[in-house]
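Coordinate analysis (summary)
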Amino acid sequence: MDIRTLTLGARRPLLLSHCQPDGDAVGSILGLGHALRAAGQCPISALPEPVPESLAFLPGATDIRSSLVGLPDGVDLIFVLDCGRLDRLKQLYDEHQGLFARLPVINIDHHLGNPSFGTANLVDTSWAAVAEELYFLITDLGLPLIAPAASCLLAGIITDTQSFRTPNTTSRTLQAAAGLVEAGAPLAEVTSALHRTASPSSLRLWGLALSTLQSRDGLLWASVSQSMLVTCSATSVEADGLIDLLCMVRDTAGVLLFREEGNGTVRVSLRSLDDRLNVAEIAARFGGGGHARAAGCHVNAGLLEAQAQVLGYTMRALRGAPV
Ligand SMILES: [Mn+2]
């Protein structure tokens, strides 16, 4: 069956997205959920990990479940949105594989390498955000694009395009954003809520992390250690946003942020600032994933060892040497 028939025929669809949920993940499940509810359905949204504080303002964010245990009867369709692999649903998939075998699954995504795991698939890497795909899907299906839906989808587009600055931002992306503003999404309010999120302790943390800044061969990197978190009374989440600051440096091909997680692993965020570097390939080499321009992975090592491994590999990739 096709996406139209499955979507319009559902009564209680389940909307899911990936772990470490970002604006596109949260905005997509909430945005489509609002439109389906306005069409008379009873959608249920769930994420394997909590909604970040910076996205808690989105209408409906507090209704998102973190478990599928005790799900109401009658769920008849599963949407998996912005999720390149089913294992990124963590416990929502691992502990409920029977549900996935029994129900039709609609897979809507823009990640490179999505294996089209759905019963129906709308996977296209040319979309800047899944929220952008959903704007056109909702419009095509004639679902009511009510203002809360529009706000959530706009948040998804703004976050995934870094405010319309990524190279995959097209006239189509801007058309979707214009349509969402037309439908009642308050652009200035959404932008402000997304970007003005830093606390004083997070800026103190960024200051310490910036003091570790190094650059070589077109790469720029910095680190956040556990002791910095203690010094600043900050949590690891407060390092979010620092990588965007690092990306302001000119004449740089790639930017990396290493975060010591406290469980023997280092979380690495990677950004590519020009076409020479595909950070999705680098993250995949270390068991992570993402997009050509923004990706992430975890390395089982201390800070210095993780830096040596990932920087060494990235420098070889940037030189075009065999890696
Ligand atoms: Mn996305």
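This is a predicted model, so every value here is computed, not measured. (Residues numbered from 1 in each chain as written. Predicted model: local features only at pLDDT ≥ 70, side-chain atom pairs only at ≥ 80, totals over all residues. Heavy atoms only, no water.)

**Some points on the sheet that holds strand β11 (residues 294–299)**
If you walk across this open sheet you meet the 6 strands as β6-β7-β8-β9-β11-β10, and the pairing is mixed. A single partner strand is all that each edge strand has here, and the edge strands are β6 (214–216) and β10 (289–290). Two elements, β10 and β11, share 2 bridges in a ladder whose sense is antiparallel. Its bridge partner being in β11, G290 is matched across the sheet by A295. Along the sheet face, helix α13 (residues 303–319) touches β6, β7 (219–224), β8 (254–260), β9 (266–272) and β11 and points at about 165 degrees away from the line of β7. (Pairing = 2+ DSSP bridges. Helix = DSSP H or I, 4+ residues; strand = E, 2+ residues; numbered from the N terminus. Contact = heavy atoms within 4.5 Å. Axes fitted to C-alpha atoms, helices over the stretch in contact; angles between N-to-C directions.)

**Side note on the packing of aromatic side chains**
Throughout the structure, instances matching the rule amount to 4 aromatic pairs. For the ring pair Y93 and F100, a centre distance of 4.9 Å and an interplane angle of 85 degrees mean the geometry is edge-to-face. The residues Y93 and F100 share a single accessibility class, namely buried. With a centroid separation of 5.0 Å and an interplanar angle of 80 degrees, the aromatic rings of Y135 and F136 are classed as edge-to-face. (Phe/Tyr/Trp six-rings, centres within 6.5 Å; stacked < 30°, edge-to-face > 60°. Buried < 20%, exposed > 50% of the residue type's maximum accessible area, 1.4 Å probe, protein only.)

**Regarding the domain arrangement of the chain**
Split by domain assignment, the chain resolves into domain 1 (3–195) and domain 2 (201–319). Each partner contributes residues to the interface: domain 1 has 6 residues there, and domain 2 has 7 residues. For the domain 1 and domain 2 pair, buried surface summed over both sides reaches about 600 Å², with 49% attributable to carbon and sulfur atoms. Taken together, domain 1 and domain 2 are joined by 0 salt bridges. Counting every contact that joins domain 1 to domain 2 gives 1 residue pair in polar contact (both at pLDDT 80 or more). Residue composition of the side of domain 1 that touches domain 2, by class: 1 nonpolar, 4 polar and 1 charged. (Domains from an automatic or database assignment. Buried area = accessible area lost by both parts, 1.4 Å probe. Salt bridge = Lys/Arg side-chain N within 4 Å of Asp/Glu carboxyl O. Polar contact = N/O pair within 3.5 Å; in protein donor to acceptor, adjacent residues only side chain to side chain. Nonpolar A, V, L, I, M, F, W, Y, C, P; charged D, E, K, R; others polar.)

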